[in-house]
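# Summary of structural features
Listed below, chain by chain, are the residues.
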Amino acid sequence: MRIEEDFKLDFKDVLIRPKRSTLTSRSEVDISREFSFRHSAGKYRGIPVIAANMDTVGTFEMAKALSRHQLSAALHKHYGESELTDFFRAIPAESTIFYSMGITSADYEKFRRVKETAGDAIAYVCVDVANGYTKSFVDFINKLRKAYPQITIMAGNVVTGEMTEELILLGVDIVKVGIGPGSVCTTRKMAGVGYPQLSAIIECGDAAHGLGGLICSDGGCTSPGDLAKAFGGGADFIMLGGMLAGHDECGGDIEEHDGARKVRFYGMSSRTAMDKYSGGVAHYRASEGKEVLLDYRGPVEGTVQEILGGVRSACTYVGARRLKELSKRTTFIRVARQLNEVFGAS
Ligand code: 5GP
């Protein structure tokens, strides 16, 4: 047994220190980014925020709505082959939409068939496992990269620099970072495993950038300010589940509870998801996600404006004309208190 003594940070532990700036308005800030991917050599331009590949967030409708604002989505992996093919064939060339998969041979075969028919319309894939430290995950990435040299691969999840480096050297373009921070995730409670998300971003970002790779911070953002902190800490992309849940584009039914309109949102390892897709929770495992009822929030567009407005505001406070400059201009200060909640938490 060993104890690491240095203090690890979560979004709630810091604020961003304001800096002198010549920017006069938020409208002067450009929050899009351009990337060239290390392995695929593909080029990206857009606002690097991605809807999570959860079946209540990463839907076709969400992907289309976010594309209109230059944001992206990772589709959930439970769509059928023909729906996926039709969808990818119909999307405009400039949209960045990820095909998601797990690491079973069935996942691989399904992808191979869909890709064969959809062709170059599928340029981005997201290989998603709860634990990115296993040999079977590493072997899968190896096989995928060899078979598809030109595809942009995002894969994870991991939370440490050494595994980030290994994945980038293996062929991953964007390493997905986060174990346990998610809004409907119970891994930390069930397994006691995890890593404070801001430190994970800082450490994995450093490791990735040193090798010309990129990271996507996945999970734990609860407000636009958290996205600003994630970008400030070195995240190239940010994946959002809960912040984009509860909208029209999420595909769930709207339920009436005591006169209020509600929508269900659940983790992809929750009992709800396993009952729906895997015939229940297998006897050797426990569910590592939960289900919540959220207030119905209408179209996602309003939420997108709010999120982007917050990130733009952070850039103005530190004098970053472009999102790319935000992390260079960020100094975090450790704090004991974030918000004044005298009138309640909102
Ligand atoms: P959020 O933005 O809601 O805080 O986090 C979204 C992320 O939580 C997803 O992208 C995924 O990585 C993670 N996640 C989704 N469902 C589950 C689950 O059931 N269990 C765990 N451990 N993580 C989940």
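## As for the overall build of the protein
Helix and strand counts for the protein come out as 11 helices and 15 strands. Relative to the compact-globule value of 20 Å for 346 residues, the protein shows a C-alpha radius of gyration of 19 Å, a close match. When the 346 residues of the protein are sorted by exposure, 51% land in the buried category. Once local pairs closer than 6 in sequence are excluded, the contacts in the protein between residues at least 24 apart make up 67%. With the model as given, the accessible surface of the protein reaches about 16500 Å², and the carbon-plus-sulfur share is 49%. In the protein, the 43 positive side-chain charges and the 43 negative ones have mean positions that sit 4 Å from each other.

## Some remarks on the environment of leucine 240
Structurally, leucine 240 is set in strand 11 (residues 237–240). Taking the C-alpha atoms as reference points, leucine 240 and glycine 309, 69 residues apart in sequence, are found 16 Å from one another. Excluding residues that lie within four positions of it along the chain, leucine 240 makes contacts with Val49, Ile50, Ala51, Ala52, Val57, Cys221, Leu227 and Ile307.

## Details of the sheet that holds strand 9 (residues 174–177)
Backbone hydrogen bonds hold the strands of a sheet together, and the pairing may be parallel or antiparallel. The strand order 4-5-6-7-8-9-10-11 describes a closed barrel built from 8 strands, whose pairing is parallel. Each neighbouring strand pair of the sheet contributes to a mean axis angle of 25 degrees, computed without reference to strand direction. In terms of strand pairing, strand 6 (residues 97–101) meets strand 7 (residues 124–128) through 4 bridges, oriented parallel. For phenylalanine 98, the partnering residue across the bridge sits in strand 7 and is tyrosine 124. Sitting on the sheet, helix 8 (residues 224–233) touches strand 4 (49–51), strand 10 (214–218) and strand 11, and the angle it makes with strand 11 is about 145 degrees.

## Things to note about the pattern of salt bridges
Throughout the structure, instances matching the rule amount to 17 salt bridges. With its nearest N and O atoms 3.3 Å apart, the salt bridge here joins lysine 8 to aspartate 6. In this structure, the salt-bridge partner of arginine 45 is glutamate 34, at a minimum N-O distance of 2.7 Å. Highlighted residues: arginine 45 in strand 3 (residues 43–46) and glutamate 34 in strand 2 (residues 33–36), separated in sequence by 11 residues. The exposure class of arginine 45 is partly exposed, given its relative accessible area of 48%. When salt bridges with common partners are traced through the structure, they connect Glu4, Asp6, Lys8 and Glu203 into a single cluster.

Here is what the cut-offs are and how they apply
Residues numbered from 1 in each chain as written. Predicted model: local features only at pLDDT ≥ 70, side-chain atom pairs only at ≥ 80, totals over all residues. Heavy atoms only, no water. Helix = DSSP H or I, 4+ residues; strand = E, 2+ residues; numbered from the N terminus. Rg over C-alpha atoms; globule rule 2.2 N^0.38 Å. Buried < 20%, exposed > 50% of the residue type's maximum accessible area, 1.4 Å probe, protein only. Contact = heavy atoms within 4.5 Å. Areas by Shrake-Rupley, 256 points an atom, 1.4 Å probe, with all protein chains shown as cover. Lys, Arg positive; Asp, Glu negative; His and termini not counted. Charge placed at Lys NZ, Arg CZ, Asp CG, Glu CD. Pairing = 2+ DSSP bridges. Axes fitted to C-alpha atoms, helices over the stretch in contact; angles between N-to-C directions. Salt bridge = Lys/Arg side-chain N within 4 Å of Asp/Glu carboxyl O.

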